[in-house]
Amino acid sequence: MGRIAIGTSQNDPRVLGRPLMSDHNLSARLWATAALISVPLASVWNYAWWLPLHLALLGAATQAIVGGQLMFSATLGLSRGPSRNLVLVQLLLLNVGALLVVGGRQWHSDAALAAGVVIVTVVIGWVTFLVHRLWSRSVNRRFAMTGVFYRLAGVSIILGATIGGALALGAFNDAASYLEHRSLHMTLNVLGWVGLTVVGTAITLLPTILHVRAPKIQQLRPAPWLMFGGLMVFSTGASLGLGWMASVGLATYAAGFAIFGFYVRKILAVKSRRQVPTAALHLVSAVAWLAVTVVAGIILTATSDHAALRDFIVVGGAAGFVFQALLGAWAFLLPSTRAPIPEQRRRELVAMELGGRLQVAAYNLGLVAAMVGLRTDIDISLAGIILAWTAAVSAMTKSWIFPYLGRLRGVQVRSDLWWAPPSDEGGASPPT
Ligand code: HEM
């Protein structure tokens with residue numbers, strides 16, 4: 001498989017593969033920054049974890065996913081993307097919807113919250129329809145599987161967000177039903193909306209980031225159906241209060257995910273002539289966290305341990321998988337969706353490498369400590385959260401200032417070394 005053009009410098013709807021995602025990434029970074037600022041303030045202002053989590057998941061991750069689905073569908077399918085005006089209207093509505101959900105829940109306004117849920121759900125339905133149309137008119141069927149992942153992800157969040165709205169509006173008033181539906185909401189959104197999108201994108205994005213040829217993707221064909229089918233079995237089991245059925249559903253999801261895991265192993269086995277970038281380290285760690293979360297989920301749904309399931313989905317799923325995948329994708333996509341001026345792009349990609357390995361290690365160690373602290377008597381949760389948060393702040397800071405960092409002399413020197421032609425290659429080439 002050849003290398004994939006992530007973006008072009010023109011912002012013309014008639015140009016295939018144009019950087020549709022830039023507006024989404026700007027807006028999503030604002031939400032992610034707000035999420036990080038809200039973490040230390042949680043203890044000062046005494047609000048629950050729900051707020052930082054939803055600023056990150058409903059605000060940042062959801063907008064980045066919408067932008068990513070549109071951009072990758074247009075790029076991989078060689079289709080004409082939607083106009084920028086239409087994309088901006090959707091993005092504006094997504095912002096209004098997310099603000100109403102977050103504000104409505106914080107200030108106990110059911111009307112605002114309900115309006116927010118309706119707006120978010122309708123806009124994501126609209127985006128899913130556009131994504132469907134891009135793939136059905138696509139002249140390149142080679143990556144059609146990514147379109148299958150994206151459409152199924154869209155269905156997952158429409159169900160997941162609706163259940164979230166019902167939970168928030170008090171539709172489930174007995175404790176058991178509330179907990180079952182909370183598990184359903186978290187799982188459909190984290191494993192469905194984000195999980196299916198990340199897997200569908202990583203099929204081509206991970207080899208591109210690693211500068212290696214992708215293995216054949218046909219082997220992945222059953223993966224989206226096993227993952228989504230598993231989520232539907234899980235949902236039926238969870239809403240009927242049948243733990244064994246919910247667990248079988250997650251095991252089916254795991255079978256689909258395992259096919260992707262073998263594919264990732266094949267990618268990692270290809271010898272790259274370049275160093276492994278921070279983006280790939282974060283993405284692979286995110287995939288590992290999703291695997292841990294799913295395996296834990298299979299056991300915890302069978303035993304109906306809702307509290308432990310929530311801890312795994314929040315720490316492993318939301319922070320380890322979703323937020324980490326976002327940080328990893330940004331480390332590559334933000335420099336790659338700017339104008340393709342080779343020297344500038346090389347330096348900006350290398351700017352993202354500053355402290356990158358330490359950042360990946362600290363983020364993941366911090367989350368392991370937070371998880372151990374939550375599930376055992378060892379009191380290391382706070383230390384873990386501080387460590388992971390510091391690493392995330394460093395990644396977010398770079399996501400804002402990498403164009404300036406790229407101009408530093410030290411970064412230029414490092415960039416020359418990073419992209420120096422390997423002994424058997426004619427010249428250094430940044431990813432396109
Ligand atoms: C339409 C928007 C959404 C609404 C109205 C909503 C509402 C809720 C509610 C009411 C809870 C239960 C809180 C509790 O029992 O304390 C919850 C929990 C959760 N939601 Fe959402 N949610 C939305 C979107 C999302 C999205 C898009 C994601 C992930 C991509 C997500 C992930 C989670 C997670 C991981 C939890 C468990 C954390 C916790 O209990 O605070 N939600 N949500």
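No experiment lies behind these values; they were computed from the predicted model shown.

What counts, and where the lines are drawn
- Residues numbered from 1 in each chain as written.
- Predicted model: local features only at pLDDT ≥ 70, side-chain atom pairs only at ≥ 80, totals over all residues.
- Heavy atoms only, no water.
- Helix = DSSP H or I, 4+ residues; strand = E, 2+ residues; numbered from the N terminus.
- Rg over C-alpha atoms; globule rule 2.2 N^0.38 Å.
- Phe/Tyr/Trp six-rings, centres within 6.5 Å; stacked < 30°, edge-to-face > 60°.
- Buried < 20%, exposed > 50% of the residue type's maximum accessible area, 1.4 Å probe, protein only.
- Lys NZ or Arg CZ within 6 Å of the ring centre and 35° of its normal.
- Axes fitted to C-alpha atoms, helices over the stretch in contact; angles between N-to-C directions.
- Parallel < 35°, antiparallel > 145°, perpendicular 65-115°, else oblique.
- Left-handed = near helix turned anticlockwise from the far one by under 90°.
- Contact = heavy atoms within 4.5 Å.
- Nonpolar A, V, L, I, M, F, W, Y, C, P; charged D, E, K, R; others polar.
- Donors = N, O, S within 2.8 Å, 3.2 Å for Na, K, Ca; no water.
- Tetrahedral: all angles 85-135°; square planar, octahedral: opposite > 155°, others 65-115°.
- Patch = residues over 30% accessible without salt bridge, like charges linked within 9 Å, V, L, I, M, F, W, Y side chains within 5 Å.
- Areas by Shrake-Rupley, 256 points an atom, 1.4 Å probe, with all protein chains shown as cover.
- Salt bridge = Lys/Arg side-chain N within 4 Å of Asp/Glu carboxyl O.
- Bend = angle between axes of the 7 residues up to and from the residue.
- Near = heavy atom within 4 Å.
- Polar contact = N/O pair within 3.5 Å; in protein donor to acceptor, adjacent residues only side chain to side chain.
- Core = buried A, V, L, I, M, F, W, Y, C linked by side-chain atoms within 4.5 Å.
- Expected span 1.5 Å × (residues − 1).

Q: Can you tell me about the overall build of the protein, naming the residues and giving the values?
A: What the protein contains, in helices and strands, is 14 helices and zero strands. Along its sequence from the N terminus, the protein presents helices and strands in the succession α-α-α-α-α-α-α-α-α-α-α-α-α-α. In summary, the protein has a C-alpha radius of gyration of 21 Å against a globular reference of 22 Å for 432 residues, a match within 12%. Each principal axis of the C-alpha distribution contributes one length, and for the protein these read about 65 × 50 × 40 Å.

Q: How would you explain the packing of aromatic side chains if you had to name every residue and give the values?
A: One pass over the full model with this rule turns up three aromatic pairs. Considering the side-chain rings of Phe257 and Phe260, the 5.9 Å spacing of their centres and the 40° angle between planes classify their relative orientation as tilted. Here the residue Phe257 and the residue Phe260 both occupy positions in helix H8 (residues 243-269), the gap between them amounting to three residues, near one helical turn. Judged by relative accessible area, which is 1%, Phe260 ranks as buried. Aromatic ring contacts, followed pair by pair, group Tyr253, Phe257, Phe260 and Tyr263 into a single cluster. The ring of Trp50 carries the charged tip of Arg105 above its face, separated from the ring centre by 5.0 Å.

Q: Any chance you could break down the packing of helix H1 (residues 22-45) against helix H3 (residues 84-106) for me, citing the residues and the numbers?
A: Remark: H1 packs on H3, axes separated minimally by 10 Å, with the N-to-C direction vectors making an angle of 15°. Relative to H3, the element H1 is oriented roughly parallel. In this structure, H1 crosses over H3, and the sense of that crossing is right-handed. Residues Asp23, His24, Ser27 and Trp31 of H1 touch H3, and the partners they reach there are Arg84, Val87, Leu88, Leu91, Asn95, Ala98, Leu99 and Val102. For the contact of H1 with H3, the residue count by class is seven nonpolar, three polar and two charged.

Q: Please give an account of the coordination of the iron atom of the ligand that cites residues and values.
A: In ideal tetrahedral geometry, four donors around a metal make angles of 109.5 degrees, whereas ideal octahedral geometry with six donors gives angles of 90 or 180 degrees. Each protein donor to the iron atom of the ligand is listed here as His54 (NE2) and His185 (NE2); together their distances run 2.0 Å. For the iron atom of the ligand, the six donor atoms are set out with angles of 87 to 179° between them, so the coordination reads as octahedral. Of this pair, His54 sits in helix H2 (residues 50-76) while His185 sits in helix H6 (residues 175-210), and the two are 131 residues apart along the sequence. The buried category is assigned to His185, whose relative accessible area is 14%.

Q: Give me a nonpolar patch on the surface: which residues, what numbers.
A: There is a patch of nonpolar side chains on the surface, built from Val89, Leu93, Trp126 and Phe129 and spanning about 330 Å² of accessible area. Looking at the nonpolar patch, the elements that each hand over two or more residues are H3 and helix H4 (110-136). Judged by its relative accessible area of 31%, Leu93 falls in the partly exposed class.

Q: Explain H2 to me, and be specific about the residues and the numbers.
A: If you look at H2, its biggest bend is around 30°, right at Thr62. Taken across its 27 residues, H2 has 26 buried, putting it largely inside the fold.

Q: Outline the site of the ligand, listing residues and values.
A: By nearness alone, 22 residues border the ligand, and Trp50, His54, Tyr178, His185 and Arg310 come closest of all. In the environment of the ligand, a nitrogen atom lies 2.8 Å from a nitrogen or oxygen atom belonging to the side chain of His54. In this structure, Arg310 approaches the ligand through a side-chain N or O atom, which is 2.8 Å from an oxygen atom. At the level of secondary structure, the elements contributing two or more residues to the shell around the ligand comprise H2, H3, helix H5 (144-168), H6 and helix H10 (306-336). Across the shell around the ligand, the residue classes tally to 13 nonpolar, six polar and three charged.

Q: Can you explain the nonpolar core? Please cite residues and give values.
A: Phe260, Phe321 and Phe323 are the most contacted members of the largest nonpolar core, which totals 126 residues. Residues contacting Phe260, with those up to four places away along its chain left out, are Val199, Ala202, Ile203, Leu220 and Val287.

Q: A description of H1 should follow, citing residues and the corresponding values.
A: Structural remark: α-helix, 3.6 residues per turn; residues separated by three or four positions point the same way. Its 24 residues place the ends of H1 33 Å apart at the C-alpha level, agreeing with the 34 Å of an ideal helix rising 1.5 Å per residue. In H1, a bend of some 40° at Val39 exceeds every other bend along the element, and Pro40, a proline, comes one to four places later. Directly after H1, the chain includes Asn46, whose backbone phi takes a positive value near 60°.

Q: Tell me what's going on with the side chain of His306, and back it up with residues and numbers.
A: Note that His306 resides in helix H10. Excluding residues within four positions of it along the chain, His306 makes contact with Leu179, Glu180, Arg182 and Ser183.

Q: Residues and numbers for the environment of Gly200, please.
A: Secondary-structure assignment places Gly200 in helix H6. With relative accessibility at 0%, the residue Gly200 sits in the buried group. Separated by 51 residues in sequence, Gly200 and Phe149 place their C-alpha atoms 5.2 Å apart. Not counting residues within four places of it along the chain, the set of residues in contact with Gly200 comprises Thr146, Phe149 and Tyr150.

Read these as layout, nothing more, since geometry by itself doesn't imply function.
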